[in-house]
Amino acid sequence: MQKYGSKFFKGVWKISRGYWQSEEKWYAGILLAVIIGLQLLDVYAMVKYNAWQNTFYNTIQNLDKTGFLQYLGYWPIFTVVFLVIEIYKLYLQQLLEIKWRSWLTDHYLTGWLKKRTYYLMQIVDNSTDNPDQRISEDLRLFVYSTLTLALGFLRAVIQFCTFIVILWNLSGSLEIPVGEQQVSIPGYMVWVAIIYALTGSFLTAIVGKSLVGLDYAKQRYEADFRFSMIRLRENSEGVAFYHGEQREQTNFNQCFTKIIDNFRGIMARQKKLSWVVILHWRLTFLFPYLVCAPRLFSGQMQLGGLMQTASAFTQVEAALTFVIRNYFSLTEASLAELQAVVNRLINFIDHMNRTQEMVEKKSIEISHTSDAVLSVNGLNVALPNGELLLKNLELKIHAGDKLLITGASGIGKSTLMKTLAGIWPFGQGNIHIPENQKLLFLPQKPYLPLGTLRDVILYPSAADSAPDEKIREIMTICKLGHLTEKLDQAENWSQILSLGEQQRVAFTRAILQRPEWLFLDEATSALDEPTEKVMYHLVQEQLPKSTVISVGHRSTLTEYHKLKLSIEKAGAWKLAA
Ligand SMILES: Nc1ncnc2c1ncn2[C@@H]1O[C@H](COP(=O)(O)OP(=O)(O)OP(=O)(O)O)[C@@H](O)[C@H]1O
C-alpha cells in the first residue's frame, strides 16, 4: 500500500494522457460526462429509495394496509429506474472502454512497429518480457480497471457525502452515562460507521498485503507458459527431428508449476482474506440494527427509521471501504492488479522510448545521396557490449557492381548487412545510400507471413500488386512451377515449404519487386549448386542494372561477383577486385 503513491498516479496519467488529449477527446469527454450524470442520478434515486424505506416499513409496523399497498406501488418505479440507470451506465462505460482501448492499442502498435522498435528492443536490452501481452492483455486490463475504479471511486465519494448527512440526521444523539453526568454523542451512527469501516479496512490491509506481489507475478507466469507453447508450435519440425518432446514437456511443466505455485499462494492468502472480508460483510447486515436497536426498543425510533438508518449506514460503510475492498479484489477490477498493469506498461513505454531515443541519436549516420553510389566511411560495427566486429571500413559500391562479402563463421558478415540495411544500431561511422532507389535484403531464412501463397510471394506489397501471369511466370523460372496452382491457398507456408523453396520464394519476390540494390545474405545456402546458378543467372538477366551484394561461404559464388570484401579477425578487412 505504501508504494501506492504519486508514482502510480503519474503512471496512470502517462498512459492515459494521449487519449484524453487526442482528436477523440470530445466524444470521450461527453460519454464520461453522461456516465457521471447517470451515477449522480443513481445516488439521487438511492436517497429517494432510502426515504421510501422509512415510510414503507412504518406502514408495516403500524399494520396500515392501505399505506402499505400505496407505498408498495413505488417499488416497481424504483426497480425500473435502477435497472435503466445500471444497464445504460454499463453500456456507455463499455462503449467508452472499447473506444479508449482501440485508440491505445493503435497508438502502442504504431509505436512498437515504428523505426523497427520491435526488433531493436530485443537486441538493445531484453527488459520487456512478452511485449505482445502488454499490448493485448495489459491495455485491456488498464482501460477496464481504470474506468471501473475511477468511476467507482467517484461514486463512493458522492455516496459518502450524501449519506453521511442523512445518517447524521437520522441517528440522533447517544447519551452515555459517565459517572453522575450524561455525555451526549451527536450523530453517533456516523462515528460508528466510520470506526466500523476503518477497522474492516485495517484488518483487510494487514491480511491482504502479501497478495499484491503474487498478483503481479500471475500475468507474467501465464504469458510465459503461453509463449513456451507458441515456440513449440512455430518450431514443431525442429523439435520433432530432435525428439525434443521430453525436454519441451519439462519446460512446459516448469512454466506451469510456477503458475500453480503462485496460484496456491494466492489461494492461501485469499482464504485468510476471505475470513476477514466475508465476516465483515456479513456483519454489516446485522451491525446497524444492533446499534440502533436500543433506540427502537426505547421508542425513540420506529421500524421505518431503523430500516432507513441501517440502509444509510450500509451506504456510508460501503463508500468508506471502497478503496480497500477494491485493492485486493480477485474477481473484479482490483487496484493491486491495476498497479501491476501500470508498472508493466510503464516499463514497456520506457523501453520503447529508450530504444527510439537510441535510434534517433544514431551513432551510425545513414544519409541519402543523389549519386548512384553506396559509400561507407569510417564505419565501425560493434556488438551491444561494445566489442568491435569491423574497424574503420571504407567502401564505395557503384550501381551495377557485384560484391561478395566473405569471412569465417561468426566474424560479422550478417551484422554488416544489417548495418547497411539500417537495422543494426551499434557502432559509428557514415553510410550514404542512393536516394529514391529500392533496396531489398534477402536473409538466409526468408520471412513468410501467414496467408495465401500470393500474399507470401508479394510480401510486403499488397496481394494485388502484381498480375497473376507475371507471378506464375517468375515462379516457374524460379523452379516453383509446381506451386503456381496453389497461389490462392492459405497455409502456414513456412512450415510446408522446404528451406530451398522458401529461398526461391524470396528470389521470386526480388524479381517481382525489381530493386536497384539487392543484398543476399546466404540467400542460396539451402540450394544445390545448379539451382544456385539458375538463381544468380536469373538476377543477372532480369535485374541487369541492379547492384548485388552477397554474403556466402561457397566458392561457387565467386564467379558471379567482381569485387570481394573479406572480413578478418579483430575487425580487419580487405577489399579486392
Ligand atoms: N543481438 C546480438 N547480441 C550479441 N551478439 C550478437 C548479436 N547478434 C549477433 N551477435 C554476435 O555477433 C557475431 C557476428 O554474427 P554474424 O551473424 O554477423 O556472423 P556471420 O559472419 O554472419 O556468421 P555466419 O557465417 O555463421 O552466418 C557473432 O559472434 C554473434 O554471436
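This structure is a prediction, so every number in the text was calculated from the model and none was measured. (Residues numbered from 1 in each chain as written. Predicted model: local features only at pLDDT ≥ 70, side-chain atom pairs only at ≥ 80, totals over all residues. Heavy atoms only, no water.)

1. A word on the UniProt feature "transmembrane region" (unreviewed entry) in the chain
Within the UniProt annotation, "transmembrane region" (unreviewed entry) is assigned to residues 26-47, 72-92, 141-168, 188-212 and 273-291. A distance of 31 Å separates the end C-alpha atoms of residues 72-92, which is 95% helix and 0% strand. The distance from the first to the last C-alpha atom of residues 188-212 is 35 Å, and the span holds 92% helix and 0% strand. (UniProt positions renumbered as here; feature names shortened; annotations may be inferred. Helix = DSSP H or I, 4+ residues; strand = E, 2+ residues; numbered from the N terminus.)

2. Notes on a nonpolar patch on the surface
Side chains of V80, L83, V84, I87, Y88 and Y91 sit close together on the surface and give an oily, nonpolar patch of about 610 Å² of accessible area. Its place among the elements puts Y91 in helix α4 (residues 74-113). (Patch = residues over 30% accessible without salt bridge, like charges linked within 9 Å, V, L, I, M, F, W, Y side chains within 5 Å. Areas by Shrake-Rupley, 256 points an atom, 1.4 Å probe, with all protein chains shown as cover. Salt bridge = Lys/Arg side-chain N within 4 Å of Asp/Glu carboxyl O.)

3. Considerations on the packing of aromatic side chains
Within the structure shown, the criterion is met by 28 aromatic pairs. Cluster of aromatic residues (ring-pair linked, three or more members): Y49, W52, F56, Y57, F68, F78 and F82. Cation over ring: K99 sits above Y27, and NZ or CZ is 5.1 Å from the ring centre. (Phe/Tyr/Trp six-rings, centres within 6.5 Å; stacked < 30°, edge-to-face > 60°. Lys NZ or Arg CZ within 6 Å of the ring centre and 35° of its normal.)

4. Examining the sheet that holds strand β3 (residues 364-369)
Ordered in space as β3-β7-β4-β5, the four strands form an open sheet in which the pairing is mixed. For this open sheet the edge positions go to β3 and β5 (388-398), each flanked by a neighbour on one side alone. Neighbour to neighbour, the strand axes of the sheet diverge by 10 degrees on average, direction disregarded. Strand direction decides the pairing type here: strand β4 (residues 373-382) and strand β7 (residues 427-434), joined by five bridges, are antiparallel. Bridged to V376 within β7 is I431. Running over the sheet, helix α14 (residues 413-420) touches β3, β4, β5 and β7 and is turned about 125 degrees from β4. (Pairing = 2+ DSSP bridges. Axes fitted to C-alpha atoms, helices over the stretch in contact; angles between N-to-C directions. Contact = heavy atoms within 4.5 Å.)

5. Quick word on the nonpolar core
Of all hydrophobic cores here, the largest spans 39 residues; its most connected members are I15, L96, W100, L104, Y108, F142 and V342. Elements supplying a minimum of two residues to this core: α1 (6-20), α2 (25-61), α4, α6 (131-171), α12 (322-328) and α13 (335-361). With 10 residues, α13 is the single largest residue contributor to this core. Each residue touching W100, except ones within four places of it in the same chain, is listed here: S16, Y19, W20, F142, V143, T146 and L147. (Core = buried A, V, L, I, M, F, W, Y, C linked by side-chain atoms within 4.5 Å. Buried < 20%, exposed > 50% of the residue type's maximum accessible area, 1.4 Å probe, protein only.)

6. Some thoughts on the sheet that holds strand β8 (residues 439-442)
In space, the six strands of this open sheet follow the order β8-β11-β12-β6-β13-β14, with mixed pairing throughout. Each end of this open sheet is capped by a strand with a single partner; those strands are β8 and β14 (573-576). The average angle at which neighbouring strand axes cross in this sheet is 15 degrees, direction not considered. Relative to strand β13 (residues 563-567), strand β6 (residues 402-407) runs parallel, the two being bridged by five bridges. Bridged to G407 within β13 is I567. Its contacts with the sheet place helix α18 (residues 499-513) against β8 and β11 (517-521), and it is angled at close to 175 degrees to β8.

7. Considerations on the packing of α6 against helix α7 (residues 188-208)
Put simply, α6 and α7 touch, their axes get as near as 7 Å, and they point 130 degrees apart. Relative to α7, α6 is oriented oblique. Across the interface between the two elements, I164, L167, W168 and S171 from α6 touch Y188, M189, V190, W191, A193 and I194 from α7. Its residues placed into classes, the contact of α6 with α7 shows nine nonpolar, one polar and no charged. (Parallel < 35°, antiparallel > 145°, perpendicular 65-115°, else oblique. Nonpolar A, V, L, I, M, F, W, Y, C, P; charged D, E, K, R; others polar.)

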